[in-house]
Amino acid sequence: MNDKTCRPYSDDYLFYDENTNHYVLTEKALIENVGVNLRARMAETALVSPDTAIRSFTRTVSDMIYQFIHEHNVHNERQDCLIATVPELRPIIQKAMEYQAVYVLNVGNLYLSIKPEERAVAIDYLAQSILGNTVPSLGVSILYSGVI
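Model, not experiment: these values are computed from the prediction.

Chemist: Honestly, the packing of helix α3 (residues 50–70) against helix α4 (residues 76–85) in this entry has me stumped. Any pointers?
Modeler: Geometrically, a packed helix pair is captured by the angle between its two axes and the distance between the axes. Their axes nearest at 10 Å, the elements α3 and α4 cross at an angle of 125°. When the axis of α3 is compared with that of α4, the two are oblique. For α3 against α4, the interelement crossing comes out right-handed. Mapping the contact onto sequence places Y66, I69 and H70 in α3 and N76, Q79, D80 and I83 in α4. In the contact of α3 with α4, the residues fall into three nonpolar, three polar and one charged.

Chemist: What is the right way to read the nonpolar core from this model?
Modeler: Generally speaking, nonpolar side chains in soluble globular proteins are found buried as a group. Counting residues in each nonpolar core, the largest one holds 37 residues, and the members touching the most others are M97 and L131. Listing elements by their share of this core, those giving two or more residues are β1 (14–17), β2 (22–25), α1 (27–34), α2 (38–42), α3, α4, α5 (89–107) and α7 (125–131). With nine residues, the top contributor of residues to this core is α3. With sequence-adjacent residues up to four places away left out, M97 is seen in contact with L14, Y23, V24, L25, V61, S62, I65 and Y66.

Chemist: What exactly am I supposed to notice about α3 here?
Modeler: An α-helix turns once every 3.6 residues. As a result, residues three or four positions apart point the same way. Between its terminal C-alpha atoms α3 stretches 30 Å, which fits the 30 Å expected from 21 residues at 1.5 Å a residue. Those residues of α3 not exposed but buried are A53, I54, F57, T58, V61, S62, M64, I65, Y66, F68, I69 and H70. In this fold, the buried residues of α3 make contact with β2, α1, α2, α4, α5 and α7.

Chemist: Sorry if this is basic, but what is going on with the packing of aromatic side chains here?
Modeler: Two aromatic rings are characterised by how far apart their centres lie and by the angle between their planes. Applying the stated criterion to the full structure yields one aromatic pair. Ring centres of Y16 and Y23 lie 5.1 Å apart, and the angle between their planes is 70°; on these two criteria the pair is classed as edge-to-face. Here Y16 matches Y23 in class, with each residue buried. Between the NZ or CZ atom of R90 and the centre of the ring of Y9, over which it lies, the distance is 3.9 Å.

Chemist: Looking at this structure, how should I read the packing of α3 against α5?
Modeler: Relative orientation of the contacting elements α3 and α5 amounts to 115°, with a least axis distance of 9 Å. Considering how the two elements wind past one another, α3 and α5 form a crossing that is right-handed. Seen from α3, the contacting residues are F57, V61, S62, M64, I65, Y66 and I69; seen from α5, they are I93, A96, M97, Q100, A101, V104 and L105. In the contact of α3 with α5, the residues fall into 12 nonpolar, two polar and no charged.

Chemist: What am I meant to see in the pattern of salt bridges here?
Modeler: Pairing is possible between side chains that carry opposite charge, provided their charged atoms lie close to one another. Evaluation of the coordinates by the stated rule reveals six salt bridges. The closest approach of N and O atoms between K95 and E98, which form a salt bridge, is 3.6 Å. With K95 and E98 both in helix α5 and three residues apart, the pair spans about one turn of that helix. What makes K95 partly exposed here is its relative accessible area of 35%.

Parameters and conventions
- Residues numbered from 1 in each chain as written.
- Predicted model: local features only at pLDDT ≥ 70, side-chain atom pairs only at ≥ 80, totals over all residues.
- Heavy atoms only, no water.
- Axes fitted to C-alpha atoms, helices over the stretch in contact; angles between N-to-C directions.
- Helix = DSSP H or I, 4+ residues; strand = E, 2+ residues; numbered from the N terminus.
- Parallel < 35°, antiparallel > 145°, perpendicular 65-115°, else oblique.
- Left-handed = near helix turned anticlockwise from the far one by under 90°.
- Contact = heavy atoms within 4.5 Å.
- Nonpolar A, V, L, I, M, F, W, Y, C, P; charged D, E, K, R; others polar.
- Core = buried A, V, L, I, M, F, W, Y, C linked by side-chain atoms within 4.5 Å.
- Buried < 20%, exposed > 50% of the residue type's maximum accessible area, 1.4 Å probe, protein only.
- Expected span 1.5 Å × (residues − 1).
- Phe/Tyr/Trp six-rings, centres within 6.5 Å; stacked < 30°, edge-to-face > 60°.
- Lys NZ or Arg CZ within 6 Å of the ring centre and 35° of its normal.
- Salt bridge = Lys/Arg side-chain N within 4 Å of Asp/Glu carboxyl O.

Written as structure tokens, this is what we have:
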């Protein structure tokens with residue numbers, strides 16, 4: 001599948017980053033779907049602009065979810081293209097990122113830990129479970145390790 005067949009789109013909840021070919025949660029998704037207002041949390045203590053901090057946070061969450069997905073298959077470009085074009089995958093990715101955002105806010109980014117056992121649990125259990133659900137049009141989950 002080449003890039004010309006991919007038809008990703010951005011909306012109020014997911015932004016499609018054409019530089020990485022990955023979806024990223026929006027601030028609105030955090031507020032409306034997760035109940036987290038990072039801008040308000042940072043209003044009193046932020047040393048950097050809220051826009052920069054929120055963008056960094058949502059990109060980190062996106063990177064975490066995509067990296068977890070990529071660990072399950074060597075055809076990462078194909079996985080990314082499926083995520084971008086298969087309508088059933090978009091809400092799965094969004095929900096996984098939402099759960100991951102809450103997890104990171106509660107326990108921190110465990111990928112930064114020096115302890116291997118903490119890095120091993122860096123991805124939220126519900127996010128993993130959702131990503132493991134079978135996508136009807138594919139007949140497998142996005143975590144499928146065979147040829148997709």
